[in-house]
Amino acid sequence: SIYEAEHEYAKAAARYRQVVDVEPNHVFALNNLAYTLAERQGAPAEGLTFAERAYRLSPGEPGILDTLGGTHHLLGAHDKALPLLVEAARLAPKNTDILLHAAIASAVAKRFDDARRYLAGALAIAPALASTEKVVSLRRQLP
């Protein structure tokens, strides 16, 4: 986590791999490795294996649903991504990252009312998100 905070993603991935090598069912390490590979290192296909393992171990955890859904989204498997992200948002309605991911996936699926609702929820919690690249880009996609 320290490496991630310092934007040392290769080091973070290496450390998570070490943890998974020693403890193959360490859900936190599996999930964080999946996220780091998919989101931070541009390797969602590699991250998917770890995201799926984390999901099998802890299927009702919003952060894990978010990572798996986000990884599917990055791979273009939007039909798999959306239900996972919607469930993550239902379970964690105050998590702005999860709400934003659900909004993006909903927009891709042309479920624009849902996208607006998730986006509004995220912005109600963290108004500063309005100026981020992700939100600006998302708003351009919404009719």
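Residues numbered from 1 in each chain as written. Predicted model: local features only at pLDDT ≥ 70, side-chain atom pairs only at ≥ 80, totals over all residues. Heavy atoms only, no water.

Turning our attention to the packing of aromatic side chains. For the structure on display, the rule yields zero aromatic pairs. The residue whose ring lies beneath Arg-117 is Tyr-118, and the NZ or CZ to ring-centre distance is 4.6 Å. (Phe/Tyr/Trp six-rings, centres within 6.5 Å; stacked < 30°, edge-to-face > 60°. Lys NZ or Arg CZ within 6 Å of the ring centre and 35° of its normal.)

Quick look at helix α2 (residues 9–22) now. Count 3.6 residues to each turn of an α-helix, and residues three or four apart come out pointing the same way. With 14 residues, α2 ought to run about 20 Å at 1.5 Å a step, and its terminal C-alpha atoms sit 20 Å apart, in line with that. For α2, the complete set of buried residues consists of Tyr-9, Ala-12, Ala-13, Tyr-16 and Val-20. Burial along α2 is one-sided: seen end-on, the buried residues are contained in an arc of 95°. Turned more than 90 degrees off the buried face of α2, the exposed positions are Ala-10, Asp-21 and Val-22. (Helix = DSSP H or I, 4+ residues; strand = E, 2+ residues; numbered from the N terminus. Expected span 1.5 Å × (residues − 1). Buried < 20%, exposed > 50% of the residue type's maximum accessible area, 1.4 Å probe, protein only. Arc of directions from axis to C-beta.)

In total, this model carries five salt bridges according to the counting rule given. Linked through salt bridges whose partners overlap, the residues forming this network are Arg-111, Asp-114 and Arg-117. (Salt bridge = Lys/Arg side-chain N within 4 Å of Asp/Glu carboxyl O.)

Once that is clear, we can look at the side chain of Asp-114. Looking at where Asp-114 falls in the secondary structure, it is placed in helix α8 (residues 112–125). Of note is the side chain of Asp-114, whose polar atom sits 2.7 Å from the side chain of Arg-111. (Polar contact = N/O pair within 3.5 Å; in protein donor to acceptor, adjacent residues only side chain to side chain.)

This part is about the environment of Leu-100. Relative to the elements of secondary structure, Leu-100 occurs in helix α7 (residues 96–108). On the basis of relative accessibility, which here comes to 7%, the residue Leu-100 falls in the buried class. For the pair Leu-100 and Asn-32, spaced 68 residues apart in sequence, the C-alpha separation works out to 18 Å. Those residues in contact with Leu-100 that sit more than four places away from it in its chain are Leu-119, Ala-122, Lys-134, Val-135 and Leu-138. (Contact = heavy atoms within 4.5 Å.)

Grouped together as the largest cluster of nonpolar side chains are 40 residues, with contacts concentrated most on Leu-119 and Leu-138. Elements that contribute at least two residues to this core include exactly α2, α3 (27–40), α4 (44–57), α5 (62–74), α6 (78–91), α7, α8 and α9 (133–141). Residues contacting Leu-138, with those up to four places away along its chain left out, are Leu-100, Ala-103, Ile-104, Ala-107 and Leu-119. (Core = buried A, V, L, I, M, F, W, Y, C linked by side-chain atoms within 4.5 Å.)

Its identity is not glycine, yet His-7 carries a phi of approximately 60°, on the positive side. Relative to the helices and strands, His-7 resides in the loop between α1 (2–5) and α2. Judged by relative accessible area, which is 57%, His-7 ranks as exposed. Phi at Lys-110 takes a positive value of approximately 65°, unusual for a residue other than glycine. Following the sequence through the fold, Lys-110 ends up in the loop between α7 and α8. You can call Lys-110 exposed: its relative accessible area is 61%.

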